[in-house]
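What follows is each chain in one-letter form.
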Amino acid sequence: MDDETYAADQKFGKSLSQKTMAGYHSWSIPLAKTMSESKLLTKILAPVILLWAKEMRRQVDGIGKGSLIGKVLMAIGVPLCAWLGKKPRRRIVRCSV
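Basis of the calculations
Residues numbered from 1 in each chain as written. Predicted model: local features only at pLDDT ≥ 70, side-chain atom pairs only at ≥ 80, totals over all residues. Heavy atoms only, no water. 1 Å grid on protein atoms, 1.4 Å probe; cavity = no way out; pocket = protein on both sides within 12 Å on 5 of 7 lines; lining within 4 Å. Points joined across faces, edges and corners; volume = space filled by probe spheres on them. Helix = DSSP H or I, 4+ residues; strand = E, 2+ residues; numbered from the N terminus. Nonpolar A, V, L, I, M, F, W, Y, C, P; charged D, E, K, R; others polar. Buried < 20%, exposed > 50% of the residue type's maximum accessible area, 1.4 Å probe, protein only. Contact = heavy atoms within 4.5 Å. Polar contact = N/O pair within 3.5 Å; in protein donor to acceptor, adjacent residues only side chain to side chain. Expected span 1.5 Å × (residues − 1). Bend = angle between axes of the 7 residues up to and from the residue. Salt bridge = Lys/Arg side-chain N within 4 Å of Asp/Glu carboxyl O.

A. Examining the layout of surface pockets more closely. The computed volume of the largest pocket comes to approximately 930 Å³. Residue lining of the largest pocket: 30 residues in total, with Tyr24, Trp27, Ser28, Ile49 and Trp52 positioned closest to the centre. Mapped by element, the contributors of at least two residues to the lining of the largest pocket are helix H1 (3-15), helix H2 (18-37), helix H3 (39-61) and helix H4 (68-86). Looking at the lining of the largest pocket, the element that brings in the most residues is H2, giving 10 residues. For the lining of the largest pocket, the residue count by class is 22 nonpolar, 6 polar and 2 charged.

Here it is, written out as structure tokens:
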């Protein structure tokens, strides 16, 4: 991802509610960790993620061409993250014996 798209991503993230960001982090952080451990998963998901990023930059800055796939991802993804952010987070309690 180029620097301008990354900056637009940061700007977009700041425009979202805390609950939406919490919902996004609930799945994106584990996914990013898994992608860092799997070249195959990264190769599969990177094109889709970049389509979303290009559409997000178009919506934030009005720069570049968006895409139908990016629009669909945004239209579904943001409300889904908001919904996930409303759900109480489960804490995993680890016990040592």
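From this point on, the discussion continues.
B. View of the environment of Ser67. With respect to the element layout, Ser67 can be found in the loop between H3 and H4. Owing to a relative accessible area of 16%, Ser67 belongs among the buried residues under this scheme. Residues Ser67 and Met56, spaced 11 residues apart in sequence, show a C-alpha to C-alpha distance of 9.8 Å. With residues up to four places along the chain from it excluded, the contact list for Ser67 reads Leu51 and Glu55. Separated by 2.9 Å, the side chain of Ser67 and the backbone nitrogen of Gly70 make a polar contact.

C. Spotlight on H2. Across its 20 residues, H2 extends 28 Å between first and last C-alpha, which sits within 8% of the 28 Å expected from 1.5 Å per residue. At His25, H2 shows its maximal bend, which comes to roughly 35°. Every buried residue belonging to H2 is among Thr20, Met21, Gly23, Ser28 and Met35, and all of these are buried. Turning to H2, the residues buried within the fold contact H1, H3 and H4.

D. Quick look at the pattern of salt bridges. One pass over the full model with this rule turns up 3 salt bridges. The salt bridge partner of Glu37 is Lys33, with a shortest N-O separation of 2.6 Å. In this pair, Glu37 and Lys33 both sit in helix H2, 4 residues apart, roughly one turn of the helix. Like Glu37, the residue Lys33 is exposed in the burial classification. Of the charged contacts, one joins Arg58 and Glu55 as a salt bridge, the two residues approaching to 2.7 Å between their closest N and O atoms. One end of the pair is Arg58 and the other is Glu55, both in helix H3 and 3 residues apart, which spans about a single turn. Take Arg58: its relative accessible area is 30%, and that puts it in the partly exposed class.

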